[in-house]
Number of protein chains: 2
Amino acid sequence: MKARGESSGEGAVYHHGDLRRHLIEVGERLLEERGVEGFTLRECARRAGVSPSAPSHHFGNVTGLLTAIATVGFDGLSEAQEAALVGAGDAPGARLRAIGGAYIRYALAHPGRFRVAFGHMPLNHEDPDLVTAGTRALEILRRELRALRGEPTGQTGDRDFDAAVALAWSAVHGFARLLIDGQLFAVDPSLDHDTYLNDIADRTLELLIRSFVGGSSSGPKSTRRRT
Amino acid sequence: MKARGESSGEGAVYHHGDLRRHLIEVGERLLEERGVEGFTLRECARRAGVSPSAPSHHFGNVTGLLTAIATVGFDGLSEAQEAALVGAGDAPGARLRAIGGAYIRYALAHPGRFRVAFGHMPLNHEDPDLVTAGTRALEILRRELRALRGEPTGQTGDRDFDAAVALAWSAVHGFARLLIDGQLFAVDPSLDHDTYLNDIADRTLELLIRSFVGGSSSGPKSTRRRT
DNA sequence: TGTACATCAGTGAACGCGCGTTCACTGATGTAC
DNA sequence: TGTACATCAGTGAACGCGCGTTCACTGATGTAC
């Protein structure tokens, strides 16, 4: 956590060393605590222990910092999905279940990132890093869905495929959002948070996947980590 | 639009007559234009042509006004769904398709309301009107899904049913959000906005409904209004 | 190994601005008699 | 029908605050010779 510029036991450091990354972390937390409406560069600076004008050296303005957080958000989502695919097995639907579960768990673990990546916030939407990161995350779903349907990759214009992508993405994305926004609990108020994250999420994914693979896919899930 | 208090041809009116409703309308538009981070009571007052302190007479603070907008949002959603059910027919899945389509169209027609109702914003979450309105909207889906499955209404604790509700809600909600947030276009960049709202939305709903009713339900949709 | 200098990274005081909120007020409306 | 008065609905000036941004600065690091 400490920078290479640090020379003594004192906390004061002139050259931080990795202020950019630190501001992104701190910004993410601020976003989770206060939402966009409470997100300010000055508060980020304060939390990073740095002068009020320091953040603009790295990001220009609020939009620049939010864009950086969104990019990290998409990259992290891609990595979480790819990691979940390792050892997911080859049973029909198993790979789709793995990335769907990873998507939901990622949103819950990093709601700040998730909201800024997918939400309605001021971003530099044409920022090349952001565009690349966003495309990469969606491409994982497209690839796995193609494979599941035994179709060749590449061509666009197949609207049945587009709809399949839209359904899979919408269902998982909607579940994640309703969960982190506290709405999903209304489905059955007698259940607690963990039951939603594990049992209900599993069953919902199972229902979704069945609509892609036909019969009931592989065994009864719950390779899921508890939280 | 003019108030009963108005006495002459002049625009200046002392007693507005329906300032509360007017502020809600104006606030909704401001929210669509600038998001929560640009939402201020003073700007609402300015747009309503009223003094800066007027809004707090009706809503107390920003949270109060947002809560009122959210309540209107839920109520409008319920009404849109119930209206879509009139004349939806009785074919299996037809009623589910109707409320799903209404949900998506409503989100697109009123993104400000939609975001404040379902988003992550400062609201008085225990406000009785808000709670009632939110419950009512979800209850429509629960009712129709129960009917589709031929189950009696009432009891909770059926997790398969909970998962079915979660899937239907998540899919429709996710589709709506990804669409209004401009993300869904990444599914196939060659398609335009109208194609998503009509063709892709129809196909996606069809896929979803098939997972509830088994075979392909009734005829090929598109009773949808163009936009 | 040492020196001079350029560049990088962050400082801190200052500015003007729009915000929420307060408070004594006043014009319009409604009601009792 | 008229009058007195209470209440309702909004005014407008004032306040203190935290914000983004600017700007001349300075300490630390890296490089050329």
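Shown above is the structure to which this text applies.
Draft legend 1. Broad picture of the interface of chain B and chain A. Every contact between the two is made by 47 residues of chain B and, on the other side, 47 residues of chain A. Summing both sides of the interface, chain B and chain A together bury roughly 4,000 Å²; the carbon and sulfur share of this comes to 65%. When the buried surface of chain B facing chain A is broken down by residue, H120, R159 and V187 of chain B rank first, second and third, together holding 16% of it. Linking chain B with chain A are 4 salt bridges, by the criterion used here. The partner of D160 of chain A in a salt bridge is R203 of chain B, with the nearest N and O atoms 2.9 Å apart. Listing elements by their share of the side of chain B that touches chain A, those giving two or more residues are α6 (111–118), α7 (128–148), α8 (159–180) and α9 (193–213) of chain B. When residues of the side of chain B that touches chain A are assigned to their parent elements, the largest contribution, 16 residues, is made by α8 of chain B. Residue composition of the side of chain B that touches chain A, by class: 23 nonpolar, 12 polar and 12 charged.

Draft legend 2. Molecular detail of empty space enclosed by the protein. Inspection of the entire model under this criterion finds 4 cavities of 30 Å³ or more. Lining the largest cavity are 21 residues, with V36, H120 and M121 of chain A together with V36 and M121 of chain B sitting closest to its centre. Broken down by secondary-structure element, the contributors of at least two residues to the lining of the largest cavity are α6 (111–118) of chain A together with α6 of chain B. Of the residues contributing to the lining of the largest cavity, the split by class is 7 nonpolar, 8 polar and 6 charged. Estimates place the volume of the second largest cavity at around 40 Å³. In this structure, the second largest cavity is lined by I104, A171, V172, F175, A201, T204, L205 and L208 of chain A together with L167 of chain B. If one sorts the elements of the lining of the second largest cavity by residue count, helix α9 (residues 193–213) of chain A sits on top with 4 residues. Residue composition of the lining of the second largest cavity, by class: 8 nonpolar, 1 polar and no charged.

Draft legend 3. Representation of the pattern of salt bridges within the structure. The tally for this structure, following the rule as stated, stands at 34 salt bridges over all chains. One salt bridge in this structure joins E28 of chain A and R113 of chain A, with 2.9 Å as the shortest N-O distance. Placement of E28 of chain A in helix α1 (residues 19–34) and of R113 of chain A in helix α6 is noted, with a sequence separation of 85 residues between them. The residues E28 of chain A and R113 of chain A share a single accessibility class, namely buried. With its nearest N and O atoms 3.1 Å apart, the salt bridge here joins E206 of chain B to R97 of chain B. Here the residue E206 of chain B occupies a position in helix α9, and R97 of chain B occupies one in helix α5 (residues 94–109), the gap between them amounting to 109 residues. The buried category is assigned to E206 of chain B, whose relative accessible area is 8%.

Draft legend 4. Up close: α9 of chain B. All names here are of chain B. Helix length check: α9, at 21 residues, gives a terminal C-alpha distance of 29 Å against a target of 30 Å (1.5 Å per residue), a fit within 8%. Along its length, α9 reaches its greatest deviation from straightness, about 35 degrees, at I200. Among the residues trailing α9, G214 stands out with phi positive, at a value near 90 degrees.

Draft legend 5. Quick peek at the relation of the copies chain B and chain A. Placing chain B over chain A gives an RMSD of 0.0 Å and needs a rotation angle of 180 degrees, together with 0.0 Å of translation along the axis. When the rotation and shift are considered jointly, the pair of chain copies conforms to a two-fold rotation axis.

Draft legend 6. Spotlight on the environment of Y196 of chain B. Residues and elements named next belong to chain B. If you trace the backbone, Y196 turns up in helix α9. Separated by 12 residues in sequence, Y196 and L184 have C-alpha atoms that sit 8.3 Å apart. In this view, Y196 contacts F175, L179, L184, F185, V187, D188, P189, L191 and A201; residues no more than four positions away in its chain are not counted. Engagement of the side chain of Y196 in a polar contact is seen with the backbone oxygen of L184, the distance being 3.5 Å.

Draft legend 7. Broad picture of the packing of aromatic side chains. Residues and elements named next belong to chain A. For the coordinates displayed, the defined rule picks out 12 aromatic pairs over all chains. Summarising the aromatic geometry, the rings of F114 and F118 are spaced 5.0 Å apart at their centres and angled 55 degrees between planes, so their arrangement reads as tilted. You can see F114 and its partner F118 sitting in helix α6, 4 residues apart, about one turn around the helix. In this structure F118 comes out as buried when scored by relative accessible area, which is 3%.

Scoring rules and cut-offs
- Residues numbered from 1 in each chain as written.
- Chains lettered and ligands numbered in written order.
- Predicted model: local features only at pLDDT ≥ 70, side-chain atom pairs only at ≥ 80, totals over all residues.
- Heavy atoms only, no water.
- Contact = heavy atoms within 4.5 Å.
- Buried area = accessible area lost by both parts, 1.4 Å probe.
- Salt bridge = Lys/Arg side-chain N within 4 Å of Asp/Glu carboxyl O.
- Helix = DSSP H or I, 4+ residues; strand = E, 2+ residues; numbered from the N terminus.
- Nonpolar A, V, L, I, M, F, W, Y, C, P; charged D, E, K, R; others polar.
- 1 Å grid on protein atoms, 1.4 Å probe; cavity = no way out; pocket = protein on both sides within 12 Å on 5 of 7 lines; lining within 4 Å.
- Points joined across faces, edges and corners; volume = space filled by probe spheres on them.
- Buried < 20%, exposed > 50% of the residue type's maximum accessible area, 1.4 Å probe, protein only.
- Expected span 1.5 Å × (residues − 1).
- Bend = angle between axes of the 7 residues up to and from the residue.
- Least-squares fit on C-alpha atoms with pLDDT ≥ 70 in both.
- Polar contact = N/O pair within 3.5 Å; in protein donor to acceptor, adjacent residues only side chain to side chain.
- Phe/Tyr/Trp six-rings, centres within 6.5 Å; stacked < 30°, edge-to-face > 60°.

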